[in-house]
Amino acid sequence: MQAAPDKSSRLIYAADLAGTTVFAFEGALAGIAGHLDLFGVLVLGFATALGGGIIRDVLIGAVPPQALRDWRYATIAFGAGALAFLLHSLAQHIPFWLIVTLDAAGLTLFAIAGTEKALAFGLSPLIATLLGTVTGVGGGTLRDVLLAQIPVILRVDIYATAALAGSAVMVAGRALGLPRPLSVAAGGLLCFALRMVSVWQHWQLPVATP
Amino acid sequence: MQAAPDKSSRLIYAADLAGTTVFAFEGALAGIAGHLDLFGVLVLGFATALGGGIIRDVLIGAVPPQALRDWRYATIAFGAGALAFLLHSLAQHIPFWLIVTLDAAGLTLFAIAGTEKALAFGLSPLIATLLGTVTGVGGGTLRDVLLAQIPVILRVDIYATAALAGSAVMVAGRALGLPRPLSVAAGGLLCFALRMVSVWQHWQLPVATP
Amino acid sequence: MQAAPDKSSRLIYAADLAGTTVFAFEGALAGIAGHLDLFGVLVLGFATALGGGIIRDVLIGAVPPQALRDWRYATIAFGAGALAFLLHSLAQHIPFWLIVTLDAAGLTLFAIAGTEKALAFGLSPLIATLLGTVTGVGGGTLRDVLLAQIPVILRVDIYATAALAGSAVMVAGRALGLPRPLSVAAGGLLCFALRMVSVWQHWQLPVATP
C-alpha cells in the first residue's frame, strides 16, 4: 500500500516537519509537568507530534505509517523532546502568544497534510474531513490519554473545531474543482484564524448542563 | 483487502445501523455526564458506536474500516449524538428498562455482525469469538478510556460475557455445520437473554479479593 | 503481507510463549489489585502479554497480528490469567526477586522477538529499535491505560530503557554484519542485565523539576 500516490509537495513535507518540532516540544513540556522521567518525556513528545499521523495512516492502511518509514520524523520528535527536557526552565519565559501562535500553525499544517493524504487515498469527503481533523488533534488526544486525563480537546476551546472547519473547506474546494493551492490556502487560513480568534475572544463550544 | 467477501446480508446491515444509533446516543449521554463540550459529546458518541468495529477492522486488516468507508455510519453516529445533546434533559425520563433493552439489542447486533465478519475472513474459532466480543464492547471501552475511567466492562455486570457467549455459540454452530440463520439466531438469543436476565437478577462475575 | 519472511527460529517462538505466560500472569495480578472482575482480570492478562506484539504488528502491517493468527498465544494468555485469578492469594508469597527476574526475562524475550520481526520487515535501524521497545513495553502501557493510570514506564525505573538498549545493540550488530546469534545474545544480555542491575541499585532516569 506504500505505493499509493503521495501528492504532498516539498512545501507540505517541510511544513510537516516544522509542525512535528512544535508539537513534540509542547508534548514534552506536558510530560515534564506530569512528573514523567526522561524516557516518559521523550515518549510524550513523540506521541503528541506523531500520534495523529500514525492513527490516520493505520486507519487508511498506509502502513508502516509515514512517521515510522521516514526516520526524520522520529529524529526530530526526539530531538525537540530532548531540547524541552534540557531547557524546560527557560520554556516558562516563552510568551503565551508565541506558544499559541506556533501551536495554531502546527495544528493547521497537520490538518492540511492529513486532509491531502486522505483525499489522495480516495476517501469520501466526510471521512477525509474527519481524518484531517484526527491528524491535527490525534497526537494531543494520545498525550492526554497517556497522562490519564480526559483529552482537553473534548472539554474546552475551539481547537479540533478549527481543524475540522479548515479541513472541510479544503474538501469542499476539491469537490467544487477549485485549484488545489487555493483550497489549501483557504482551509489553512480558516483553521489558523479560527483558532487564534477563539483564543483571543475566549470562545467556547456549548456545553449541555447535565 | 477490501475485496474480502462481505457476507453480511441486508438484514445485518440494517441491524448494524440500528445498533450504531443506540450506542451513539448512549455514548453522547455519557459525554454530557462527563461535562464535555459539543465536540467532545459528538466524539464520544462516534467512538462508542463505531470504536468496536474500527478496532476489529484494523486488527483483521480490513482498512479503511467499514465505518470510514461507508459515510452512513459516521452520519448516523453524529446525528444520534447531536440529538442526545439537544434532548439530554428529556433523556432522563426514558425508562431504565427501555435503555437496558435497547442497549442489549445493540450489543447483540454488534457481536453478531463482528463474529460474522471475523468468520468471513477465515479466522480461527477462538479469535472469531474474541473479535465478535471486541466488536460489541470495544466502543464502550474506548468511551471509558477517553473519560479517563477504568472501563466498566472490566469491573461489573455480565456484559462482555454475554457477547462472548453469543459469539461462541455462533462460532460453534458454524463449526458443527448448522445452517447459518440457525446459529446466528441461537447466538443472538443467548447474548440478549443473558444480558437481560443478568440485569434483572443482578448477576455479577466473581471478583478476587486481593 | 502475512507472506513476509518469519525468521524467528523455534527457540524464539518458545521464548515468546514463555514471555507471554509471565506477562499474562503479572497483568492478571494487576487486574486483581485493581478490583476487576473475572472478565477484566483475563482481559488485563491478555492485554499485558499480547498488547505490545499486537501494536507492533498493526504498525508494520502484519495483520491479523501473530497473537490473533496463532491460537496458542490467546490460549496461554487466558490460561495464565485464570491461574492468577485462582491462585492470587498464593502469589503474595512469590519472592520479589523471582518476580523481577522472570519479568526481566519476559521483557528481554519480547524485545528480541520484536526487533527481529521489525528487521525482517526491512525497517530502518531507528524504527526497528523503537518497535523492539514497543513490543517489550507496549503491553504494560496498555495495562496501565486500561487501569486509568499514567503508564509506570513513563514515570519510574530503568525498564523501557533496558529494552531500548538491548534492541539498539541487536540492530547495531546486524548493521555491522555480526552473526545473528551473536547480536541477539549481546542485545538480550544487555537488556536483562541492565534491568536487573537497575532494580538492585535503585537506578532511576533523571526527572526534570517543573
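For clarity, every value in this text was computed on a predicted model and none was experimentally measured.

Chemist: I'm lost on the relation of the copies chain B and chain A in this one. Help?
Modeler: Taken together, a rotation about one axis and a shift along it account for how the two chain copies relate. Rotating chain B by 120 degrees and moving it 0.0 Å along the rotation axis overlays it on chain A with an RMSD of 0.0 Å. Such a turn and shift between the copies fits a three-fold axis. It is Ala148(B) whose C-alpha, among those of chain B, lies nearest the rotation axis, at 3.3 Å. With a heterologous cut-off of 20% or less, the 13% of interface residues of chain B that recur at the interface of chain A puts this contact in the heterologous class.

Chemist: It is not clear to me how the packing of helix H5 (residues 96–120) of chain B against helix H8 (residues 180–200) of chain B should be interpreted in this structure. Could you clarify?
Modeler: Residue and element names in this part refer to chain B. Where H5 contacts H8, the two axes come as close as 9 Å, and the packing angle between them is 145 degrees. As for how H5 packs across H8, the hand of that crossing is right-handed. Two secondary-structure elements touch here, H5 through Phe96, Trp97, Val100, Thr101, Ala104, Ala105, Leu107, Thr108, Ile112 and Glu116 and H8 through Arg180, Val184, Gly188, Cys191, Phe192, Arg195, Met196, Val199 and Trp200. The residue makeup of the contact of H5 with H8, split by class, is 13 nonpolar, three polar and three charged.

Chemist: Help me understand the side chain of Asp103(A), please; the structure alone is not making it clear to me.
Modeler: All names here are of chain A. With respect to the helices and strands, Asp103 occurs in helix H5 (residues 96–120). One buried charged residue, Asp103, remains without a salt bridge, the closest side chain of opposite sign being Arg195 at 4.6 Å. Ignoring any residue separated from it by four or fewer positions in sequence, one finds Asp103 in contact with Val22, Phe23, Glu26 and Tyr159.

Chemist: Is there a simple way to think about the interface of chain B and chain C in this case?
Modeler: Accessible area lost when the parts come together is the quantity often used to give the size of an interface. Each side of the interface is counted separately: chain B has 28 residues, and chain C has 29 residues. For the chain B and chain C pair, buried surface summed over both sides reaches about 2300 Å², with 77% attributable to carbon and sulfur atoms. One can count zero salt bridges joining chain B with chain C. Applying the counting rule to chain B against chain C returns two residue pairs in polar contact (both at pLDDT 80 or more). The leading source of residues in the side of chain B that touches chain C is helix H6 (residues 125–146) of chain B, at five residues. The class makeup of the residues in the side of chain B that touches chain C is 20 nonpolar, six polar and two charged.

Cut-off values and rules
Sequence order sets the numbering: in each chain, residues are counted from 1 along the sequence as written. All chains are assigned letters beginning at A, and all ligands numbers beginning at 1, according to the order in which they are written. Since the coordinates come from a predicted model, pLDDT governs what is reported: local features require at least 70, and pairs of side-chain atoms require 80 or more to be given and counted, while whole-chain, interface and lining totals use all residues. As a rule here, side-chain values cover all heavy atoms of the structure and leave hydrogens and water aside. Our superposition of the copies is a least-squares fit, built on the C-alpha atoms of residues whose pLDDT is at least 70 in both. The contact rule is simple, with two residues in contact once any of their heavy atoms fall within 4.5 Å. Orientation is described by axes fitted as lines to C-alpha atoms, over the contacting stretch for helices, and by angles from 0 to 180 degrees between their N-to-C directions. The way it works is that DSSP assigns letters per residue, a run of H or I at least four long becomes a helix, a run of E at least two long becomes a strand, and they are numbered from the N terminus. The sense of a crossing depends on the near helix, which, turned anticlockwise from the far helix by less than a right angle, makes the crossing left-handed and, turned clockwise, makes it right-handed. Amino acids are sorted into nonpolar (Ala, Val, Leu, Ile, Met, Phe, Trp, Tyr, Cys and Pro), charged (Asp, Glu, Lys and Arg) and polar (every other residue, Gly among them). We call a residue buried when its accessible area falls under 20% of the maximum for its residue type, exposed when it is over 50%, and partly exposed in between, using a 1.4 Å probe and counting protein chains only. Residues counted as positive are Lys and Arg, residues counted as negative are Asp and Glu, and His and the chain ends are not counted. Salt bridges are defined by distance alone: a side-chain nitrogen of Lys or Arg within 4 Å of a carboxyl oxygen of Asp or Glu. Put simply, buried area is the surface a 1.4 Å probe can reach on two separate parts but cannot reach once they are joined, added for both. Polar contacts, as counted here, are pairs of nitrogen or oxygen atoms within 3.5 Å of one another; within protein the pair requires one atom able to donate a hydrogen and one able to accept it, and residues that are adjacent in sequence qualify only if both atoms are side-chain atoms.

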